[in-house]
Amino acid sequence: MKNIALKVCSLLIVLLSLYQYTLAQSKPTWIWYPGDFEIWLSNQMQNRRTDRGTFFPVFWKFDSHYPLIDFHKDFALTSPEEVGIYTEGIYNVKVDGQPLEGMPAKITVPAGKHRINIKVFNQASVPAVYVAGETVFSDASWLVTYEDKEWIDESGKTSDISATKWLNAGSWNFDDVANPPSVCKLPVTPLSAVSVAKNNTATLIDFGKETFGFIRLHGIKGNGNITLYYGESKEEALSEKGAITLDRLSFQQGVKKDSIMPLSKAFRYVNMVTDGSIQVDSVSMLYEHADVKEKGSFRCSDEEVNRIYDVAKYTFHLNTREFFIDGIKRDRWVWSGDAYQSYLMNYYLFFDSNTVSRTMLALRGKDPVTSHINTIMDYTFYWFLGIYDYYLYTGDQTFIRQFYPRMQTMMEYCLGRRNKEGLMGGMPGDWIFIDWAEGLSKKGAVSIEQLLLCRSLETMALCADIANEKADAAKYKQYASELKKKLFDFYWNETKQALVHSRVEGKQTENVTRYANMFAIFYDYFNQQQKDAVKKSVLLNDNIQHITTPYMRFYELEALCAMGEQPYVLKEMKDYWGGMLKLGATSFWEEYNPAKKGAEHYAMYGREFGKSLCHAWGASPIYLLGKYYLGVKPTAPGYATYIIQPVLGGLEWMEGRVPTPKGNISIRCSTQEMNITTAEGIGTLRFRSQVKPVCKSAGIESKGGDWYEMTLQAGKNYVINYQALK
């Protein structure tokens, strides 16, 4: 892990963290115990999945919120202040340790220094409070605990010594007292169908593209039944036995009425089949979506690439909900591997840090740890990597300090499942996923799992240091160093010039796959000689098993971009994602194999329509185009420093925005000119030019050969004249 990503001016990071998480807000908001609302909300969302009308829950442990929470904050008032108190749950109020009578809706706090405590109980939903006064109001600076560990002695005095652990309160965007956390709902927008085709008692409704929401039936009248068959494809909607999702309704309706389906669904087509005397005037939908705003953008000289980017954006919008989910038809769950890629895409489109932290908290749950996250070994490691990237992109230290104990217990669970060689091999209850790939071996200690654990240990060392757990930091750093050495001692094959896939019974296997090799490139675990060798022996070698999921294509193409192969990646992007578009895709799929024909593309998991045709991991061009073509990435937490290394990769021009915690970086790049507007932080522009480049507002330094660098100050515009390499 590069030092440049770990070291930054401490003052800048402290100020950024304070700005984002501990600085008093200007208005009150609903607050709760951090992580509890996220867990409660994920429980609600992940239990909405149905299959042929049957409730289809997750197969891993669900945790729950703490039902009793103590909230407090100290205030210094220059004059008495009337304060309104609203809660979700029954509660009591104390001022300076003295309980007030009943459950007061309003209190008057005298002038001077005072502590306000509010203790709330709620078993059904998350205990939450909303405090509204002129200067006394609820925000993330309040402290909370689920056990105050205070007792009263025989004299009636409260103990002076307490082992209570207080955390900063959790919050989101519930700033309206009338909109508490328990009624959290995503906004909806009415949409009409683009075409309707009737055939006797069946009506096929086409909404024009993949979408998500609630079907609304208008003007229902008569006696009989209505069945709605939903389809991401026309074939699925018309398959009464094969459609994955459906609604069955019965009516005895003498007067026309409208009906909105109780559960949201994913579909493009809906096949409405009626019997009896039922009549329906029309069918529309309520499109359900998250209220996230696009901050990033990309446009270029290639219209096919622009179309790929637009459909990737739409795919990502659909799968960005209360959390980052895997797919909108199935599973509609929060999977860690899928979510990890969504975090990275998010940093180049929405930069919505709340959805990232909310998803990470929902995935982790609470102690005790009884299994891997989602039961999948590699998904546990992606959870750790998500925290590393979250810190790098946002600079948020508060999150790490508050949730370090949950990181630690998760890591100790992993370390306790190593084999006698200190490697991660599958134990009973462990699902080793890696990828959907035919014949992929999971036997023994697989190299990609060791690499992901190594990176996770490096993350733990970083986070332990931030949490001021110096002994832990040293321990995890040592573990990571030892494991990295084993990775090369046990898996590197000099003859094959690659890391082999696995180690079984203390011996290397002969099999070479792409997985560990491509990760080792963009994590800089390989030296340059090894990178060059692996690019030839693995990444560009057609004899190595090809990847057919967008999930792992994400990392394969990232590794190639990190090796400077943007022209090749652009062609692959157009072949792979463009291939889906040529088949009529309006969102990107869970898996795409160009060798399949027709309706074969819809099958997966042994089911005719089992494949998701709108899967978050299909949106990876957002990330690749932002990070490796526009070339923007942070080099210190929170973009305190960053690099811009634009690569046209065969394009004539490109332009776009990359969001940061404090503003957007804008870039327009052609073969002869770059125009860059910076945000806060200190940037470095790194580029290649056939001629000596010129910038009137900054000095440009030659780095040898055709490489050049210049320093970018905050909030400036730069125009650079140069000549791109052919």
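Look a little higher up for the structure.
Now for a description of the structure that goes with this document.

Cut-offs applied
Residues numbered from 1 in each chain as written. Predicted model: local features only at pLDDT ≥ 70, side-chain atom pairs only at ≥ 80, totals over all residues. Heavy atoms only, no water. Salt bridge = Lys/Arg side-chain N within 4 Å of Asp/Glu carboxyl O. Helix = DSSP H or I, 4+ residues; strand = E, 2+ residues; numbered from the N terminus. Buried < 20%, exposed > 50% of the residue type's maximum accessible area, 1.4 Å probe, protein only. Pairing = 2+ DSSP bridges. Bend = angle between axes of the 7 residues up to and from the residue. Polar contact = N/O pair within 3.5 Å; in protein donor to acceptor, adjacent residues only side chain to side chain.

## A few points about the pattern of salt bridges
Then comes step 1: This model, assessed by the stated rule, comprises 46 salt bridges.
Then comes step 2: The salt bridge partner of Glu 322 is Arg 48, with a shortest N-O separation of 3.0 Å. Pair noted here: Glu 322 is in the loop between α4 (303–319) and α5 (336–346) and Arg 48 is in the loop between α2 (36–46) and β1 (50–51), with a separation of 274 residues, a long-range link.
Then comes step 3: Overall, the relative accessible area of 3% leaves Glu 322 in the buried class.
Then comes step 4: On the accessibility criterion, Arg 48 (23% relative accessible area) is partly exposed.
Then comes step 5: In this structure, a network of salt bridges that share partners links the residues Arg 49, Arg 330, Asp 331 and Glu 590.

## Focus on the pairing of strand β5 (residues 90–95)
Then comes step 1: Of the two faces of β5, the one holding Tyr 91, Val 93 and Val 95 is buried and the one holding Ile 90, Asn 92 and Lys 94 is not buried anywhere.
Then comes step 2: Note that β5 and strand β8 (residues 112–121) share six bridges and pair antiparallel. Paired with Val 93 across the strands is Ile 118, a residue of β8.
Then comes step 3: Examined bridge by bridge, β5 and strand β6 (residues 98–99) share two bridges and lie antiparallel to one another. Within β6, the position partnered with Lys 94 by the bridge is Pro 99.
Then comes step 4: The hairpin turn running from β5 into β6, its antiparallel successor, is two residues long, and Asp 96 in that turn takes a positive phi close to 55 degrees.

## Brief notes about the sheet that holds strand β33 (residues 717–721)
Then comes step 1: Reading across from one edge, β18-β26-β27-β28-β33-β30 is the order of the six strands in this open sheet, with antiparallel pairing throughout. Both edges of this open sheet fall to β18 (297–300) and β30 (694–695), since each of them pairs with a single strand only.

## A short note on helix α8 (residues 397–415)
Then comes step 1: Its maximal kink placed at Phe 403, α8 deviates by approximately 60 degrees, while the proline Pro 405 follows within four residues.
Then comes step 2: The buried count for α8 comes to 14 of 19 residues, which makes it a mostly enclosed element.
Then comes step 3: The N-cap residue of α8 is Asp 396: its side-chain oxygen and the backbone nitrogen of Thr 398 are 3.0 Å apart.

## Quick look at the pairing of strand β32 (residues 707–712)
Then comes step 1: Of the two faces of β32, only one is covered, namely that formed by Tyr 708, Met 710 and Leu 712; the face formed by Trp 707, Glu 709 and Thr 711 stays uncovered.
Then comes step 2: In terms of strand pairing, strand β29 (residues 682–688) meets β32 through six bridges, oriented antiparallel. In the strand pairing of β32, Leu 685 is matched with Met 710.
Then comes step 3: As paired elements, strand β31 (residues 701–702) and β32 share two bridges and run antiparallel to each other. What sits directly across from Glu 701, in β32, is Glu 709.

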